[in-house]
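Breakdown of the fold
What follows is each chain in one-letter form.
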Amino acid sequence: WIQGIGEIAGDYDAFLIDLWGVIHDGKVAFPWALDALAELKKAGKPVVFLSNSSRRSEVNIATLTKFGFSRDLYVDIVSSGEEAWRALAYHGTPDA
C-alpha cells in the first residue's frame, strides 16, 4: 500500500479518478481526497473524474463544489449520464 498519492504521482502523466467511493460517499467528501487532489495539482498532474452516475456533469460539478472541491483541481468529469445525454441529444447527427 502507498501512504499517499505523492508516492506515485511522478509515475503518471495524468490521473483518472472515480468519484463515488473514492472522492466522496454521496453525502460528504473523504477527508484525504482534497489533500490528494491539491498534491496532484501542485505536481502539475491533470485529473479527470469518471463516474457511472446517471447524473450529468454539471450536477456532479455542483456536488463537488458543495463538498469543497474547487474547479481548478480537475480538468473534467465524464459520467454515464452525460454520455447518455450526448448520445440522445445528437442522435441522427453523426458529425456532432
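The structure this text deals with has already been given above.
Structural notes, computed from the coordinates. (Residues numbered from 1 in each chain as written. Predicted model: local features only at pLDDT ≥ 70, side-chain atom pairs only at ≥ 80, totals over all residues. Heavy atoms only, no water.)

1. Thoughts on the side chain of Thr63
- Tracing the sequence through the fold places Thr63 in helix α3 (residues 57–66).
- The class for Thr63 is buried, based on a relative accessible area of 14%. (Helix = DSSP H or I, 4+ residues; strand = E, 2+ residues; numbered from the N terminus. Buried < 20%, exposed > 50% of the residue type's maximum accessible area, 1.4 Å probe, protein only.)

2. Things to note about the pairing of strand β1 (residues 15–18)
- Residues Phe15 and Ile17 line the buried face of β1, whereas the alternating positions Leu16 and Asp18 sit on a face that is not buried.
- In the sheet, β1 pairs with strand β2 (residues 47–51) via 4 bridges, with the strands oriented parallel. The residue bridging Phe15 from the neighbouring strand is Val47, located in β2.
- On the question of chirality, the crossover connecting β1 to the parallel β2 by way of helix α2 (residues 31–42) is right-handed. (Pairing = 2+ DSSP bridges. Right-handed = clockwise from strand over helix to strand, strands pointing away.)

3. Section: a nonpolar patch on the surface
- A cluster of nonpolar side chains, contributed by Leu16, Leu50 and Val78, occupies part of the molecular surface with about 250 Å² of accessible area.
- Mapping Leu50 onto the fold places it in strand β2. (Patch = residues over 30% accessible without salt bridge, like charges linked within 9 Å, V, L, I, M, F, W, Y side chains within 5 Å. Areas by Shrake-Rupley, 256 points an atom, 1.4 Å probe, with all protein chains shown as cover. Salt bridge = Lys/Arg side-chain N within 4 Å of Asp/Glu carboxyl O.)

4. What to know about the pattern of salt bridges
- Within the structure shown, the criterion is met by 4 salt bridges.
- In this structure, Glu82 and Arg86 form a salt bridge, with 3.5 Å as the shortest nitrogen-oxygen distance. With Glu82 and Arg86 both in helix α4 (residues 80–89) and 4 residues apart, the pair spans about one turn of that helix.
- Arg86 gets classed as partly exposed once you look at its relative accessible area, which sits at 38%.
- Note that Arg86 and Glu83 form a salt bridge whose closest N and O atoms lie 3.6 Å from each other.

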